[in-house]
Amino acid sequence: MQFTLNTGQANAVEIVTGPNVSGDLKEWLGKYLTGCEEVFLLADSNTREYCVPRVISLVPSLQKAEVLEVPAGEKSKSIETAGQLWNALADKGASRQSLLICLGGGVVTDLGGFVASTFKRGIPFIHIPTSLLGMVDAAIGGKTAINLGNIKNQVGTFHQPEAIFIYPGFLETLNAYELMSGVAEVIKTALVADAPLWKKITSIPLKEIIQKKSSRELEDIISGTVAVKCSIVEKDFRETGLRGILNFGHTLGHAFETLSHQNNSKHLSHGHAVALGMICESHLSGLKAGFEQNIQNELERMIFPDYEYYPIKNEDVDFIMDTLVHDKKRKDSVNRFTLVKSPGNAIPGVECTPAEIKESMEHYRTLNKQ
Ligand SMILES: NC(=O)c1ccc[n+]([C@@H]2O[C@H](COP(=O)([O-])OP(=O)(O)OC[C@H]3O[C@@H](n4cnc5c(N)ncnc54)[C@H](O)[C@@H]3O)[C@@H](O)[C@H]2O)c1
């Protein structure tokens with residue numbers, strides 16, 4: 001399946017996806033490799049082990065690519081790692097005629113996109129996402145980012161890759177926890193923007209389909225989610241309005257993620273934090289946007305027990321409230337959230353008071369069954 005993501009503001013992006021696309025990679029990538037002076041392959045320690053050999057076996061000419069490796073994990077989305085990559089590119093003579101291929105999950109595509117979009121004011125790059133979250137969300141839409149300390153995505157650019165190649169075969173080596181992380185973004189996209197997709201994922205054994213890692217149904221879920229994201233990004237590339245609906249679950253989700261890094265407890269992955277954020281923000285949606293209780297319950301049943309409950313203490317609530325001060329959507333000292341009215345119908349930028357936000361966290365705490 002082939003999409004063209006055309007925002008009218010940047011290059012049109014070719015997106016290829018499908019279970020049988022691996023055979024096409026050589027030919028497809030060939031046209032981007034032609035005329036390139038140097039090719040760089042960015043991977044993290046896991047995708048270097050599991051995905052680099054596979055991509056080289058599919059496209060033998062990539063053997064000549066210079067592999068740049070960063071440690072796996074969110075900590076690599078830092079200015080220090082970006083600096084190391086700029087230096088590596090400079091040392092190896094990268095120019096605007098070079099190509100950077102980002103082969104990994106959302107960390108690699110966010111970081112690699114940021115480095116490529118800023119090095120020499122922008123060199124061409126391609127995303128080959130290898131996690132489910134990367135395939136359905138992070139690699140699509142031209143948002144690049146690094147974190148500032150523990151604060152998520154504070155520095156970044158809007159910059160489109162030349163193209164995106166989505167091959168579900170890479171999921172074979174992805175563990176169950178990371179697969180569920182990606183499912184959270186599927187649930188979010190369906191809930192905010194596509195009532196038929198929501199209906200579909202709530203009426204099939206979603207977890208089973210995902211855990212099998214390879215099926216026609218999984219392929220349909222991936223391409224369906226990609227299509228929804230593309231249609232939103234095409235209408236609002238720079239997130240001046242509509243694209244904000246994709247932030248549902250992310251305001252409190254990012255705060256949960258920051259908290260888990262701060263607490264030195266088990267780090268919550270992005271998708272798991274978003275799943276918990278969706279619980280709080282669907283409660284806010286009930287308070288402020290008339291989101292029906294039975295659909296809130298349906299969402300909660302989808303999230304628990306597949307996502308682990310992350311306990312929050314009283315002092316954690318204060319920490320989360322402090323973290324929200326850095327939220328990019330905050331305006332005039334007021335936090336704004338994307339809230340859902342009904343499946344497929346979300347509203348970005350709804351002002352919520354500290355009392356309402358705290359109430360949503362209190363609701364979350366009532367769900368602790370441990
Ligand atoms: N730019 C955007 O629009 C956007 C949207 C959503 C999320 N994000 C960002 O994406 C990041 C999360 O992405 P993620 O969940 O992919 O995290 P990730 O990149 O850290 O990948 C998760 C883990 O899976 C491993 N992995 C990836 N592919 C693998 C494979 N095929 N086999 C074995 N292991 C593999 C990685 O090494 C890592 O350990 C966050 O930083 C988030 O902020 C960005």
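Check the entry above for the structure.
Residues numbered from 1 in each chain as written. Predicted model: local features only at pLDDT ≥ 70, side-chain atom pairs only at ≥ 80, totals over all residues. Heavy atoms only, no water.

1. Some details on the site of the ligand
Asp44, Glu74, Ser131, Lys152 and Thr173 are the nearest of the 27 residues found near the ligand. Backbone polar atom of Val107 to an oxygen atom of the ligand: 3.0 Å apart, as the coordinates give it. Lys152 is positioned such that a nitrogen or oxygen atom in its side chain is 2.7 Å from an oxygen atom of the ligand. A total of 870 Å² of accessible area belongs to the ligand in isolation, and the protein chains cover 91% of it. The set of elements that each furnish at least two residues to the shell around the ligand consists of helix H2 (45-50), helix H5 (106-118), helix H6 (132-138), strand E8 (151-158) and helix H7 (176-193). Its residues assigned to classes, the shell around the ligand shows 8 nonpolar, 9 polar and 10 charged. (Near = heavy atom within 4 Å. Polar contact = N/O pair within 3.5 Å; in protein donor to acceptor, adjacent residues only side chain to side chain. Areas by Shrake-Rupley, 256 points an atom, 1.4 Å probe, with all protein chains shown as cover. Helix = DSSP H or I, 4+ residues; strand = E, 2+ residues; numbered from the N terminus. Nonpolar A, V, L, I, M, F, W, Y, C, P; charged D, E, K, R; others polar.)

2. Some remarks on the pattern of salt bridges
For the coordinates displayed, the defined rule picks out 20 salt bridges. Of the charged contacts, one joins Asp137 and Lys188 as a salt bridge, the two residues approaching to 3.3 Å between their closest N and O atoms. Of the two residues, Asp137 is situated in helix H6 and Lys188 in helix H7; the sequence distance between them amounts to 51 residues. Taking the relative accessible area as the measure of exposure, Lys188 reaches 1% and is therefore buried. Between Glu308 and Lys266 there is a salt bridge, with the nearest N and O atoms lying 3.5 Å from each other. Residue Glu308 is located in the loop between helix H13 (293-303) and helix H14 (314-323), and its partner Lys266 is located in the loop between helix H11 (250-262) and helix H12 (270-289); the two are separated by 42 residues in the primary sequence. The same class applies to Glu308 and to Lys266, which are both exposed. What emerges from the salt-bridge pattern is a single network uniting Glu74, Lys77, Asp110, Lys152 and Glu257. (Salt bridge = Lys/Arg side-chain N within 4 Å of Asp/Glu carboxyl O. Buried < 20%, exposed > 50% of the residue type's maximum accessible area, 1.4 Å probe, protein only.)

3. Quick word on the packing of aromatic side chains
Applying the stated criterion across every chain yields a total of 8 aromatic pairs. Aromatic side chains Phe158 and Phe237 sit 5.7 Å apart centroid to centroid with 65° between the ring planes, which places their arrangement in the edge-to-face category. Here Phe237 lies in the loop between helix H10 (216-235) and H11 and Phe158 lies in strand E8, a separation of 79 residues in the sequence. With relative accessibility at 27%, the residue Phe158 sits in the partly exposed group. Judged by centre distance (4.7 Å) and plane angle (10°), the ring pair of Tyr309 and Tyr364 falls under stacked. Of the two residues, Tyr309 sits in the loop between H13 and H14 while Tyr364 sits in helix H15 (residues 354-366), which places them 55 residues apart along the sequence. By relative accessible area, which is 8% here, Tyr309 ends up buried. The rings of Phe256, Phe304, Tyr309 and Tyr364 are connected pair by pair, giving a single aromatic cluster. (Phe/Tyr/Trp six-rings, centres within 6.5 Å; stacked < 30°, edge-to-face > 60°.)

4. Side note on unusual backbone geometry
Cis geometry marks the peptide bond from Phe304 to Pro305; its omega dihedral reads 10°. For Pro305, the location among the structural elements is in the loop between H13 and H14. The phi dihedral of Arg121 falls on the positive side, at around 60°, and the residue is not glycine. Tracing the sequence through the fold places Arg121 in the loop between H5 and strand E6 (125-129). When its relative accessible area of 75% is taken as the criterion, Arg121 is described as exposed. For Asn153, which is not glycine, the phi dihedral falls at a positive 50°. One can find Asn153 in strand E8.

5. Remarks on the layout of surface pockets
In this structure, the second largest pocket encloses a volume near 200 Å³. Lining the second largest pocket we find 14 residues, and of these Glu74, Lys75, Asn147, Gly149 and Asn150 sit closest to its centre. Looking at the lining of the second largest pocket, the elements with two or more residues in it are helix H4 (79-91), strand E7 (143-148) and H11. Per element, the largest residue contribution to the lining of the second largest pocket is 3 residues, and it comes from H11. (1 Å grid on protein atoms, 1.4 Å probe; cavity = no way out; pocket = protein on both sides within 12 Å on 5 of 7 lines; lining within 4 Å. Points joined across faces, edges and corners; volume = space filled by probe spheres on them.)

6. Digging into the packing of H7 against H12
Helices that pack against each other are described as a pair by the angle of their axes relative to one another and the distance between those axes. One can describe the packing of H7 onto H12 by two numbers: an axis separation of 7 Å at closest approach and a directional angle of 45°. By the angle between their directions, the pair H7 and H12 is classed as oblique. When you trace H7 past H12, the crossing you get is left-handed. Only His270, Gly271, His272, Val274, Ala275 and Met278 of H12 make contact with H7, whose side of the interface consists of Tyr177, Met180, Ser181, Ala184, Glu185, Ile187 and Lys188. Residues of the contact of H7 with H12, tallied by class, amount to 7 nonpolar, 4 polar and 2 charged. (Axes fitted to C-alpha atoms, helices over the stretch in contact; angles between N-to-C directions. Parallel < 35°, antiparallel > 145°, perpendicular 65-115°, else oblique. Left-handed = near helix turned anticlockwise from the far one by under 90°. Contact = heavy atoms within 4.5 Å.)

7. Quick word on the environment of Leu276
Mapped onto the fold, Leu276 is located in helix H12. Expressed as a C-alpha distance, the spacing of Leu276 and Ala346, which sit 70 residues apart in the sequence, is 18 Å. Leaving out residues up to four positions away in the same chain, Leu276 has contacts with Phe256, Leu268, Phe304, Glu308, Tyr310 and Tyr364.

8. Brief notes about the sheet that holds strand E3 (residues 39-44)
Spatial ordering of the open sheet is given by E1-E2-E9-E6-E5-E3-E4, a layout of 7 strands whose pairing is mixed. A single partner strand is all that each edge strand has here, and the edge strands are strand E1 (2-5) and strand E4 (66-70). Averaged over all neighbouring strand pairs, the angle between strand axes comes to 20°, with direction disregarded. Bridge analysis of E3 against strand E5 (residues 99-104) gives 4 bridges, and the strand direction is parallel. The residue of E5 that forms the bridge with Val39 is Leu99. Seen against the sheet, H4 touches E3 and E4 and runs at an angle of roughly 165° to E4. Contacting E3, E4, E5 and E6, H5 runs over the sheet at an angle of about 165° to E5. (Pairing = 2+ DSSP bridges.)

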